[in-house]
Amino acid sequence: SGPTTNARMGVEGDKHGNLWIGTYLDGLFYKDAGGKIRLFPEQGGIGTMRIRTLEYDEKRDLLYVGTYGAGLVVIDPARLRIVQSVVDEEYLWISALHLDKSGLLWVGTYNGPFQFEAETGLIVPFHPDMSSARIYSIASDDDGNIWFGTGDGLFCTDAEGSVLMHYNEKSGLANNVIRDIVPSQAGNVWISTAGGLSRLNTRTGGLTALPLPRRL
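Notes on the structure follow. (Residues numbered from 1 in each chain as written. Predicted model: local features only at pLDDT ≥ 70, side-chain atom pairs only at ≥ 80, totals over all residues. Heavy atoms only, no water.)

### Considerations on the overall build of the chain
Here's step 1: Helices and strands together make up the secondary structure of the chain, namely one helix and 20 strands.
Here's step 2: Relative to a compact globule of 216 residues, whose C-alpha radius of gyration would be 17 Å, the chain shows 18 Å and is just as compact.
Here's step 3: Projected onto its principal axes, the C-alpha positions of the chain cover 50 × 50 × 30 Å.
Here's step 4: Taken across its 216 residues, the chain has 48% of its residues classed as buried.
Here's step 5: Considering only intrachain contacts with a sequence separation of at least 6, the fraction spanning at least 24 residues in the chain is 35%.
Here's step 6: Carbon and sulfur atoms form 48% of the exposed surface of the chain, whose accessible area is close to 10,900 Å².
Here's step 7: Within the chain, one finds 19 positive and 25 negative side-chain charges whose respective centroids are separated by 10 Å. (Helix = DSSP H or I, 4+ residues; strand = E, 2+ residues; numbered from the N terminus. Rg over C-alpha atoms; globule rule 2.2 N^0.38 Å. Buried < 20%, exposed > 50% of the residue type's maximum accessible area, 1.4 Å probe, protein only. Contact = heavy atoms within 4.5 Å. Areas by Shrake-Rupley, 256 points an atom, 1.4 Å probe, with all protein chains shown as cover. Lys, Arg positive; Asp, Glu negative; His and termini not counted. Charge placed at Lys NZ, Arg CZ, Asp CG, Glu CD.)

If you want it as structure tokens, here you go:
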């Protein structure tokens, strides 16, 4: 049977025709090519029913599962098997996953950003100065910059970890709590916040908080 609640936290497809569904209370499900929704057969090995975020690596054919309370789980979607569990007190609570164009997996936690090294199977801290930040979203742009949405605004770093910019409500953000980030090829970064939508023009540095729609 399928999920019993509406708390769908992440959805990802794979090249085998499966649609993966992460739920907050019911665990990890997949909808197979025949349209049948099934519970992941090794759900018990994940360590929690609270799935927070999913990211599929097509090149390696791996599904990354970020959980609330049980760290990062790596799944082989072809065999429907867990191939690795990465658990440590520093990154038990995973709130964001992002695979950049180079194939590097970025891991957002309640203790700052990390990088997952697929070759070694290790998660390593990315920016020690951001270790107290709660990461809610991660994105990368065509220039190789990494964007982190936190509870204290928006951070932009280069791939080596140098903080290039920090934006918050004083800079013009609608709210300091960042839910999602979408860089565009037009040079804008769209930022979903707890207080509405903001748009950053990376060419001019201009930041605009867009008005919320009026309630009828």
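Anyway, onward from the coordinates.
### What about the sheet that holds strand β7 (residues 72–76)?
Here's step 1: Here we have four strands laid out as an open sheet, ordered β5-β6-β7-β8, and antiparallel in their pairing. The open sheet is flanked by β5 (51–57) and β8 (81–86), the only strands paired with a single partner. Taking the axes of each pair of neighbouring strands and ignoring which way they run, one obtains an average angle of 20° across the sheet.
Here's step 2: Of the strand pairs in this sheet, β7 and β8 are connected by five bridges, and their pairing is antiparallel. Looking at the pairing, Asp 76 lines up with Arg 81 of β8. (Pairing = 2+ DSSP bridges. Axes fitted to C-alpha atoms, helices over the stretch in contact; angles between N-to-C directions.)

### Some words on the pairing of strand β10 (residues 105–109)
Here's step 1: Of all five residues making up β10, five are buried, and the element is well covered by its neighbours.
Here's step 2: The alternating pattern of β10 places Leu 105, Val 107 and Thr 109 and Trp 106 and Gly 108 on opposite faces, both of which are buried.
Here's step 3: With five bridges connecting them, strand β9 (residues 94–99) and β10 associate as antiparallel partners. Residue pairing in the sheet places Ala 96 in a bridge with Gly 108 of β10.
Here's step 4: As consecutive antiparallel partners, β9 and β10 are separated by five residues, and within that stretch Gly 103 has a phi angle of approximately 95°, a positive value.
Here's step 5: Where β10 hands over to strand β11 (residues 112–117), the hairpin turn is made up of two residues, counted between the paired strands.

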